[in-house]
Amino acid sequence: MTASPSPRYRDPAAPVDARVADLLARMTLREKVGQLNQRMYGWDAYRRRPDGEFELTQALYDETDRFEGLGALYGLLRADAWSGVDHSTGADADAGPVLAHLVQRHVLERSRLGIPALFVEEVPHGLMALDGTVLPVNLGVGATWDPDLYERAASHAAAELRARGGHLALVSALDIARDPRWGRTEECFGEDPYLAARLTEALVRGMQGDVAEQGSFSSDKAPVVLKHFAGQGATVGGRNSAESELGPRELHEIHLPAARAGVRAGAAAVMAAYNEVDGIPCSANGPLLNGLLRGSGERGWGFEGLVMADGLAVDRLARITGDKVSAGALALNSGIDLSLWDEGFTHLAEAVERGLVKESVLDAAVSRVLTLKFRLRLFEHPYAAPELPSAEDGRALSTALARSSVTLLHNRAGALPVDPATVSRIAVIGPHSATTAHQLGDYTAPQRPGTGTSVLAALRHLALPGTEVRHAHGCALTGDDLSGIPEAVAAAAASDLAVLVLGGSSARTPDTEFDANGAARTVVSEMTCGEGVDLAHLRLGRAQHTLLDAVTATGTPTVVVLIQGRPHAVPEAADRAAALLTAWYPGPWGGEAIAEILLGHASPTGRLPVSVPRSAAQLPVYYNHKDTEYGSYADEDAEPLYSFGHGLTYTMFEYGIPNIGRDGASCEIDVTNTGERVGWSVVQLYIRPLRTTVWPRTLELRAFRSVDLAPGERRTVTFALGAEQLAQVDGDLARRVLPGSVEIRVAESARAALDAVPMVLDLTVTG
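Parameters and conventions
Residues numbered from 1 in each chain as written. Predicted model: local features only at pLDDT ≥ 70, side-chain atom pairs only at ≥ 80, totals over all residues. Heavy atoms only, no water. Salt bridge = Lys/Arg side-chain N within 4 Å of Asp/Glu carboxyl O. Helix = DSSP H or I, 4+ residues; strand = E, 2+ residues; numbered from the N terminus. Buried < 20%, exposed > 50% of the residue type's maximum accessible area, 1.4 Å probe, protein only. Expected span 1.5 Å × (residues − 1). Contact = heavy atoms within 4.5 Å. Pairing = 2+ DSSP bridges. Axes fitted to C-alpha atoms, helices over the stretch in contact; angles between N-to-C directions. Parallel < 35°, antiparallel > 145°, perpendicular 65-115°, else oblique. Left-handed = near helix turned anticlockwise from the far one by under 90°.

Visitor: Help me out: how do you make sense of the pattern of salt bridges in this one?
Guide: A side chain with one charge can pair with a side chain of the opposite charge if their charged atoms come near. Inspection of the entire model under this criterion finds 45 salt bridges. A salt bridge links Arg49 to Glu55; the nearest nitrogen and oxygen atoms lie 3.9 Å apart. A salt bridge links Glu592 to Arg395; its shortest N-O distance comes to 3.1 Å. Taken as a pair, Glu592 in helix H22 (residues 590–599) and Arg395 in helix H17 (residues 391–405) lie far apart in primary sequence, 197 residues in all. Residue Glu592 is classed as buried on the basis of its relative accessible area, which comes to 18%.

Visitor: Honestly, unusual backbone geometry in this entry has me stumped. Any pointers?
Guide: In this structure, Ala230 follows Phe229 across a cis peptide bond, with omega equal to 10 degrees. Looking at the element boundaries, Ala230 is found in the loop between strand S6 (224–229) and helix H9 (248–255). A cis amide bond links Leu416 with the next residue in sequence, Pro417, at an omega value of -5 degrees. Along the polypeptide, Pro417 turns up in the loop between strand S11 (407–411) and strand S12 (425–429). Even without being glycine, Arg377 reaches a positive phi, approximately 60 degrees. Counting through the fold element by element, Arg377 comes out in the loop between helix H16 (359–375) and H17. For Tyr443, which is not a glycine, the phi torsion comes out positive at approximately 55 degrees. What makes Tyr443 buried here is its relative accessible area of 11%.

Visitor: Quick question: what am I supposed to make of helix H6 (residues 147–163) here?
Guide: Along an α-helix, a turn takes 3.6 residues, which lines up residues three or four apart on a common side. Taking 1.5 Å as the rise per residue, H6 with 17 residues should run 24 Å; its terminal C-alpha atoms sit 24 Å apart, in good agreement. Burial analysis of H6 places 13 of its 17 residues in the buried class, which makes it a mostly covered element. Looking one or two residues past H6, Gly165 carries a phi angle of roughly 100 degrees, positive in sign.

Visitor: Which parts of the structure should I look at to understand the environment of Pro739?
Guide: Mapped onto the elements of the fold, Pro739 is located in the loop between strand S24 (735–736) and strand S25 (740–747). Contact partners of Pro739, with chain neighbours within four places excluded, come to Arg691, Thr692, Leu763 and Val765.

Visitor: Is there a simple way to think about the sheet that holds strand S3 (residues 72–74) in this case?
Guide: Strands belonging to one sheet form pairs held by backbone hydrogen bonds; the direction of such a pair is parallel or antiparallel. One open sheet holds the 6 strands; their spatial order is S3-S4-S5-S6-S7-S10, and the pairing between them is parallel. The strands lining the two open edges of the sheet, one partner per strand, are S3 and strand S10 (306–309). Along the sheet, successive strands turn relative to each other by an average axial angle of 30 degrees, direction set aside. Sheet topology places strand S4 (residues 118–122) next to strand S5 (residues 168–172); 3 bridges connect them, and they run parallel. Paired with Glu122 across the strands is Leu170, a residue of S5.

Visitor: Looking at this structure, I do not really get the packing of H6 against H17. What am I missing?
Guide: Put simply, H6 and H17 touch, their axes get as near as 10 Å, and they point 150 degrees apart. If you check the angle between H6 and H17, you find them roughly antiparallel. Between H6 and H17 lies a crossing of left-handed hand. Contact residues: H6 offers Leu149, Tyr150, Arg152, Ala153 and His156, while H17 offers Asp393, Gly394, Leu397, Ala400, Leu401 and Ser404.

Visitor: Got a minute to help me understand the sheet that holds strand S21 (residues 700–709) in this structure?
Guide: Spatial strand order, S21-S20-S25-S26: 4 strands in an open sheet with antiparallel pairing. Each having just a single partner strand, S21 and strand S26 (759–763) make up the two edges of the open sheet. Geometrically, the sheet is characterised by an average inter-axis angle of 25 degrees between neighbouring strands, direction not taken into account. Examined bridge by bridge, strand S20 (residues 679–691) and S25 share 7 bridges and lie antiparallel to one another. Its bridge partner lying in S25, Arg688 is registered against Glu743.

Written as structure tokens, this is what we have:
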């Protein structure tokens, strides 16, 4: 008797398309619908017994029985205050692969056709799991202006995810920070589409590797879901999940370039955003998802990957459809392939039977899910868990990003770096000074005791022997308790230098109440940022401002360090501090990076990825507004306190006048280090359209390069001047080089670019 041949979908040598078609033809409608559902919270799938072993829950059994398998499972490794998972209840670095294996084996046993599940995890700034390497938040990554460094860090995060048994990485990359009142500003690379696009490309390259060449993902690489598509950063009033009042031009010029760059780099998936665009929710926006994203020809991007809905976004559509069955049908017809926690997609079989969805549309979505599973080689290696990458390598990458993100905003009379000849007593003061908890940002797993380095600990470790480093807490991040300020004043008065560490916090605690999608519902003590924590004002807490006033009033030179997830409005620090730095949320080892820069062990290289307002009343203050005759305010300056791209170092640079390169298709400029220390300058090229067929913006960043120069060294920096630098969105919303003339301005920041001597190009378009 001859054994029946193995199904073609089981043949690893067969083309992926053929394997998908063969498997799809064997599936029932119920099994197909199951592949499009990601209904469970992963932490509800298991329980850790007192002996440390894991057991699966009835909830997982019920879910896999419902669809004879499981399409995807969200957050199996997630640990935080929302999930309630910590080191006593969850899976650490060693146990993660064991848990993933246990769940996957169960899924395969329940699946008639042996279809493995996708394990989907949050990787917002490193893997959000116990013992995962925590990186600086995206706003800090934006401040590095260093795509190559970020690519290496993203690669490490992907390797951690795969080694723990995860498959698919959810990463914020597409939101553009247009209103810093929004609590999720920390998840944005900045206010500029070009900077965000370059970092998104780096993210995709680092996470996924060269998939185009191999056709499948390496065992240490992870397909990435870029979120959120599209326009979520334009939320009205800076309020989370509010509407976005976007015209098509603003959408195409500001909010789509990062997504397009990510798609061109080969991103495996995108997540549709919560917001609506011109009245149509992104999860129900066929023209956006099926037309622009997946469309072909001149207007479409030709994306062939997966589109996932954000958490419970499909069920929200019932507000306009009347029920969850039709909500699921609308989302599927509009281009959503995979839901997240929704009920609507569980009723897709009914939607097909009622004629709300064609089965061919369902099949197309299932094919995209299956394609990703085949490209991950899950049918051949459902339990693969490669070796964990080095934790020390992760720490080094996190610290390098933190060091590169710290931005020196002003430095009067050379207060920094600290001069040991004049400073032997340092007072380290403030609510951020002796803790790492507020350095981490939202979407962070619980850290083991002793992980990371505070500013105080790092200064004590790195300062020269004999330096006295004293400490006073001063006050809390929030509230009106001023009782600790006299101690802080005494410490500052008795010192040669005060380092005042202020800012905000996205730390979540067990007493935080959460919405069903994980956003904070109630703000608890010392929580001032993160998802669900939006601010009407951008001031620090009252006690922090009182502490700033009191410490600077002592006359002791004061260096203010802001650790924050958004640019707070603290003009008093600009007025009174001897030096001012912002470190965003720099991660666990951010204190070490800050101390190195304060002491001169490293020079600051960060540049602002967002403009810093003087007050919330000024907003918006982003640099790339339309080139109209903006009036000032009668009661306040309309200009930002510090502009996009600004950042100082411990030397000075002189920029020459830009010239056309010898090839006629490039711009050259000489940059000279005129100071006495080695320094790093981020050379920024902006365009300012003059004569054009559409109303232009004042400035648009179109290229940047970092140069490291020795004292007295001069270097010629060359930029290409091709379509990437010169194209604009035309009247029909196509991106191309338009006839007219454009200024090329090269400088150290957007504000400096307005004063730079420009080079004018006349653009003639033929053909």
